[in-house]
Amino acid sequence: MEIYLNTPIKEVISKFPKIGEILEEYEIGCVPCSVGSCLLKDIIEIHNLSEEEEREVMARISKVIYPDRVIPIPKVERKTKTRTGEIKYSPPMKKLVDEHVLIKRWITLIPQVLELLNVESPEDLRIISEGADFIRSYADKFHHAKEEDILFKYFDENLDVLRTMLKDHTKARSHVKALIEAVEKKDKKGIVEHLNAYRELLTEHIKKEDEILYPWMDRNLSVKEVGELFSKFNEVDEISGNGVTERCKAFVVKVEEKIQTPKKEVRP
Ligand SMILES: [Fe+2]
Ligand SMILES: [Fe+2]
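Read on for an overview of the structure. (Residues numbered from 1 in each chain as written. Chains lettered and ligands numbered in written order. Predicted model: local features only at pLDDT ≥ 70, side-chain atom pairs only at ≥ 80, totals over all residues. Heavy atoms only, no water.)

1. Considering the overall build of the protein
- Of regular secondary structure, the protein possesses 10 helices and 0 strands.
- The order of helices and strands in the protein, counted from the N terminus, is α-α-α-α-α-α-α-α-α-α.
- Across the protein, the fraction of contacts at a sequence separation of at least 24, relative to all contacts at a separation of at least 6, is 80%.
- Carbon and sulfur atoms form 54% of the exposed surface of the protein, whose accessible area is close to 14800 Å². (Helix = DSSP H or I, 4+ residues; strand = E, 2+ residues; numbered from the N terminus. Contact = heavy atoms within 4.5 Å. Areas by Shrake-Rupley, 256 points an atom, 1.4 Å probe, with all protein chains shown as cover.)

2. Comments concerning the coordination of the iron ion (ligand 1)
- Listed as protein donors to the iron ion (ligand 1) are Glu 147 (OE), His 169 (NE2), His 205 (NE2) and Glu 209 (OE); their distances from the metal cover 2.1 to 2.2 Å.
- Written as a sequence motif, the donor arrangement for the iron ion (ligand 1) is E-x21-H-x35-H-x3-E.
- The metal-metal distance between the iron ion (ligand 1) and the iron ion (ligand 2) is 3.3 Å, with Glu 147 coordinating both. Separated by 36 residues along the polypeptide, His 169 in helix H8 (residues 160-184) and His 205 in helix H9 (residues 188-220) bring together distant segments of the chain. As far as burial versus exposure is concerned, His 169 and His 205 are alike and both buried. (Donors = N, O, S within 2.8 Å, 3.2 Å for Na, K, Ca; no water. Buried < 20%, exposed > 50% of the residue type's maximum accessible area, 1.4 Å probe, protein only.)

3. A word on the side chain of His 144
- Mapping His 144 onto the fold places it in helix H7 (residues 122-150).
- Apart from residues no more than four positions distant in its own chain, His 144 is found in contact with Ala 139, His 169, Arg 173, Leu 202 and His 205.

4. Structural notes on the packing of aromatic side chains
- As enumerated under the stated definition, the model contains 5 aromatic pairs in all.
- For the pair Phe 134 and Tyr 138, a centre-to-centre distance of 5.5 Å together with 40° between the ring planes defines the contact as tilted. Taken as a pair, Phe 134 and Tyr 138 lie in helix H7 at a separation of 4 residues, close to a single helical turn. The two residues Phe 134 and Tyr 138 agree in class, both being buried.
- Three or more aromatic residues joined by ring pairs make a cluster, and in this case those are Trp 106, Phe 134, Tyr 138, Phe 142 and Phe 251. (Phe/Tyr/Trp six-rings, centres within 6.5 Å; stacked < 30°, edge-to-face > 60°.)

5. Details of the coordination of the iron ion (ligand 2)
- Taken together, the protein donors to the iron ion (ligand 2) comprise His 100 (NE2), His 143 (NE2), Glu 147 (OE) and Glu 209 (OE), at separations of 2.0 to 2.2 Å.
- Linear spacing of the donor residues for the iron ion (ligand 2) on their chain is H-x42-H-x3-E-x61-E.

6. Some remarks on unusual backbone geometry
- Not every positive phi belongs to a glycine, and Lys 186 is a case in point at roughly 50°.
- Given a relative accessible area of 41%, Lys 186 falls into the partly exposed group.

7. Comments concerning the side chain of Asp 168
- Within the secondary structure, Asp 168 is located in helix H8.
- In this structure Asp 168 touches Leu 201, His 205 and Lys 208, once residues within four positions along its chain are discounted.

8. Topic: the environment of Glu 56
- The residue Glu 56 is located in helix H5 (residues 51-65) in this model.
- Here Glu 56 falls in the partly exposed class, since its relative accessible area comes to 40%.

9. Notes on the pattern of salt bridges
- The full count for this structure, using the stated rule, is 21 salt bridges.
- Salt-bridge contacts for Lys 186 lead to Glu 120; the nearest nitrogen and oxygen are separated by 3.5 Å. Taken together, the residues span a long stretch of sequence, with Lys 186 in the loop between H8 and H9 and Glu 120 in the loop between helix H6 (91-116) and H7 at a distance of 66 residues.
- Judged by its relative accessible area of 57%, Glu 120 falls in the exposed class.
- In this structure, Glu 211 engages Lys 207 in a salt bridge whose closest nitrogen and oxygen atoms are separated by 3.2 Å. Residue Glu 211 and its partner Lys 207 are located together in helix H9, separated by 4 residues, close to a single helical turn. (Salt bridge = Lys/Arg side-chain N within 4 Å of Asp/Glu carboxyl O.)

10. Focus: the packing of H8 against H9
- Between H8 and H9, the least distance of the axes is 9 Å, while the angle of their chain directions is 160°. Classed by the angle they form, the pair H8 and H9 counts as roughly antiparallel. Along this stretch, H8 crosses H9, giving a crossing that reads as left-handed.
- Split by residue class, the contact of H8 with H9 holds 18 nonpolar, 6 polar and 4 charged. (Axes fitted to C-alpha atoms, helices over the stretch in contact; angles between N-to-C directions. Parallel < 35°, antiparallel > 145°, perpendicular 65-115°, else oblique. Left-handed = near helix turned anticlockwise from the far one by under 90°. Nonpolar A, V, L, I, M, F, W, Y, C, P; charged D, E, K, R; others polar.)

11. Observations regarding the environment of Val 244
- Structurally, the position occupied by Val 244 is in helix H10 (residues 223-260).
- Sequence separation between Val 244 and Lys 141 is 103 residues; the distance between their C-alpha atoms is 9.7 Å.
- The residues touching Val 244, leaving out its near neighbours within four places in the chain, are Ser 137 and Tyr 138.

See the structure below:
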């Protein structure tokens, strides 16, 4: 069993597809993950299963690998404590989670904005352009830059979990670029395709960061590092945050109000 704990998860799953299904039941999304070179033992640690869940998962996995044998269930060595109830973020991580809240407010509005979109209406196109500006200025330059330029530097960026997040950021940027091109061409199909793809990607991305990545990072950062991060994030807030945050908040509030009270269609 030790040998499988030290094998990349994609190899384990391709040999034993049932293991992928078991991990999915515990909301461990290794099957759709585009990188997948985490070792099985890392997955147990990164997802911080409770001791009971860990015993259960390991017992089920061993049964798949060795169906005819009863083997002792190995305990995964952890550098950090196991989960105890609700997630508690350190102050810098809480800042990032709060920024996600504003990003999610815009993402939630996207389906209705697209439903009401008329590419011949300058006002509708302006909302899409401002939405793209929100993504570029707030979600990307302000928020993703904090992650990429500061937070991720505290960890080995070759770790699968970080490579997956960086890949998501790059993919999100390419959707926004395509979205802006579609707005310029008044191409409704392109706008719908790329804004929806962005929404789906970011929804999953934020969920992974809030529920898996940030708690795992918090468990691995020292008290000194947490303090350093907090002051570095505050510096970014002071230098580039204010104008951007206010402008982007105002955009979200404006669209929320528009969606709640859509203009009645006037027919001749
Ligand atoms: Fe991110
Ligand atoms: Fe994030």
